[in-house]
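Next come the chains, spelled out residue by residue.
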Amino acid sequence: MKFFSTAAVAGALFLEAVNGHYIFQKLTANGVQGGVYQNIRPNTNNNSPVTDLASNDLRCNVGGGSGASTSTVSVAAGSTVTFTADIAVYHQGPVSFYLTKAASTAASADGSTPWFKIKEIGPTFSGSSSTWDLEQSYSVTIPSCIPAGEYLLRIEQLAIHNPYPGGIPQFYISCAQIKVTGGGSKSFNGVSIPGHVKVTDSGYTANIYSNFNSYTVPGPAVSQC
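Given the structure is predicted, the values throughout are model-derived calculations rather than measurements.

Cut-off values and rules
Residues numbered from 1 in each chain as written. Predicted model: local features only at pLDDT ≥ 70, side-chain atom pairs only at ≥ 80, totals over all residues. Heavy atoms only, no water. Helix = DSSP H or I, 4+ residues; strand = E, 2+ residues; numbered from the N terminus. Buried < 20%, exposed > 50% of the residue type's maximum accessible area, 1.4 Å probe, protein only. Contact = heavy atoms within 4.5 Å. UniProt positions renumbered as here; feature names shortened; annotations may be inferred. Pairing = 2+ DSSP bridges. Axes fitted to C-alpha atoms, helices over the stretch in contact; angles between N-to-C directions. Phe/Tyr/Trp six-rings, centres within 6.5 Å; stacked < 30°, edge-to-face > 60°. Lys NZ or Arg CZ within 6 Å of the ring centre and 35° of its normal. Core = buried A, V, L, I, M, F, W, Y, C linked by side-chain atoms within 4.5 Å.

### Digging into the overall build of the chain
And then number 1: If you tally the helices and strands in the chain, you get two helices and 12 strands.
And then number 2: Taken from N to C terminus, the helices and strands of the chain fall in the order β-β-β-α-β-β-β-β-β-β-β-β-β-α.
And then number 3: Each principal axis of the C-alpha distribution contributes one length, and for the chain these read about 50 × 35 × 35 Å.
And then number 4: Relative to its full complement of 225 residues, the chain shows a buried share of 49%.
And then number 5: Taking as baseline every contact in the chain between residues at least 6 positions apart, the subset at least 24 positions apart corresponds to 80%.

Printed below as a string of structure tokens:
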């Protein structure tokens, strides 16, 4: 696993990588990694982040509103799937996973239906230092209790390396199209995206370089079976 300590890089606050950012573009399901954008909706902004909290692009990234060119993969409820980016994540910030059940098919879903969070990854703290788990791949377990059907599965990495309000937090987002088999009948209250993160959320406005000793991942609580 790749870890990143905030305290070790305080002087690098405004540095950016020369060759761009990162984008989650492959999905591993049933033990098989799909090709680039095979089961993940392609975006049209290369690997640039989304920064507008009011934009529908927060759902599945710029250009990700349609899944017509994306395959939907079947996965069993209770199984684990993995998102893989083109390069390892290197900006400090949390990772969250969301699901929304499609009204008909995942390919036709636009993300306007309610989303519920199924996992979040925040920092760990030791004394005055924070450590972020920065990876190229992140895995999540599909809840065993959700109804069978087609869903959009969304990964969100929120980069907070340039603290608000002097900087603007950055969302790195991808949506996979999955068909859940098995499962149960439990439903969860969802949230709208955009709207799941607010400019007043402490996890959005956190300054990781100053008195940073606790953190709450923004968005709703994780839904539990």
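This is not the end of the story, as more comes after the structure.
### Let's talk about unusual backbone geometry
And then number 1: The step from Y164 to P165 runs through a cis peptide bond, and the omega angle for that step is 5 degrees.
And then number 2: Inspection of the secondary structure assignment puts P165 in the loop between β11 (149–159) and β12 (170–181).
And then number 3: With omega at 5 degrees, the peptide bond leading from I193 into P194 counts as cis.
And then number 4: Checked against the element boundaries, P194 lands in the loop between β12 and α2 (202–205).
And then number 5: Even without being glycine, N30 reaches a positive phi, approximately 55 degrees.

### Re the UniProt feature "domain: Auxiliary Activity family 9 catalytic" (unreviewed entry) in the chain
And then number 1: Feature annotation in UniProt places "domain: Auxiliary Activity family 9 catalytic" (unreviewed entry) on residues 21–213, given in this structure's numbering.
And then number 2: Regarding residues 21–213, the helix share stands at 4% and the strand share at 35%, and the terminal C-alpha atoms are separated by 27 Å.

### Some thoughts on the sheet that holds strand β5 (residues 80–85)
And then number 1: Taken together, four strands build an open sheet; the order of strands is β3-β2-β5-β10 and the sheet is antiparallel. In this open sheet, the two edge strands, each paired with only one partner strand, are β3 (32–33) and β10 (137–141).
And then number 2: Examined bridge by bridge, strand β2 (residues 24–29) and β5 share four bridges and lie antiparallel to one another. Looking across to β5, one finds that K26 is bridged to T84.

### Topic: the sheet that holds β12
And then number 1: Read from one edge to the other, the open sheet built from five strands follows the order β4-β12-β11-β6-β7, with strand pairing classed as mixed. Edge positions in the open sheet fall to β4 (73–76) and β7 (116–121), since each of these has one partner strand only. Ignoring strand direction, the axes of neighbouring strands in this sheet form an average angle of 35 degrees.
And then number 2: Pairing geometry for strand β6 (residues 95–101) and β7, over five bridges, is antiparallel. If you follow L99 over to β7, its bridge partner there is F116.

### Focus: the packing of aromatic side chains
And then number 1: Using the criterion set out here, one finds 10 aromatic pairs in the structure.
And then number 2: Judged by centre distance (5.1 Å) and plane angle (40 degrees), the ring pair of F116 and F188 falls under tilted. Of the two residues, F116 sits in strand β7 while F188 sits in the loop between β12 and α2, which places them 72 residues apart along the sequence. Side by side, F116 and F188 carry an identical accessibility label, which is buried.
And then number 3: The ring of Y151 has K101 sitting right over it, with the charged end atom 5.8 Å from the ring centre.
And then number 4: We note R154 situated over the ring of Y98; from NZ or CZ to the ring centre the distance is 5.2 Å.

### Overview of the pairing of β6
As a general feature of sheets, a regular strand has side chains that alternate between the two faces.
And then number 1: Within β6, six of the seven residues are buried, leaving the element largely enclosed by the surrounding structure.
And then number 2: The sheet contact formed by β6 and β11 spans seven bridges and is antiparallel. Bridged to L99 within β11 is L153.

### Some thoughts on the nonpolar core
One recurring pattern in soluble globular proteins: nonpolar side chains tend to sit buried together.
And then number 1: By size, the foremost hydrophobic cluster in this structure holds 58 residues, and its most contacted members are F83, Y138, L153, F171 and I178.
And then number 2: Here F171 is in contact with P49, V50, L53, L58, E156, Q157, L158, V197 and Y204, once residues within four sequence places are set aside.

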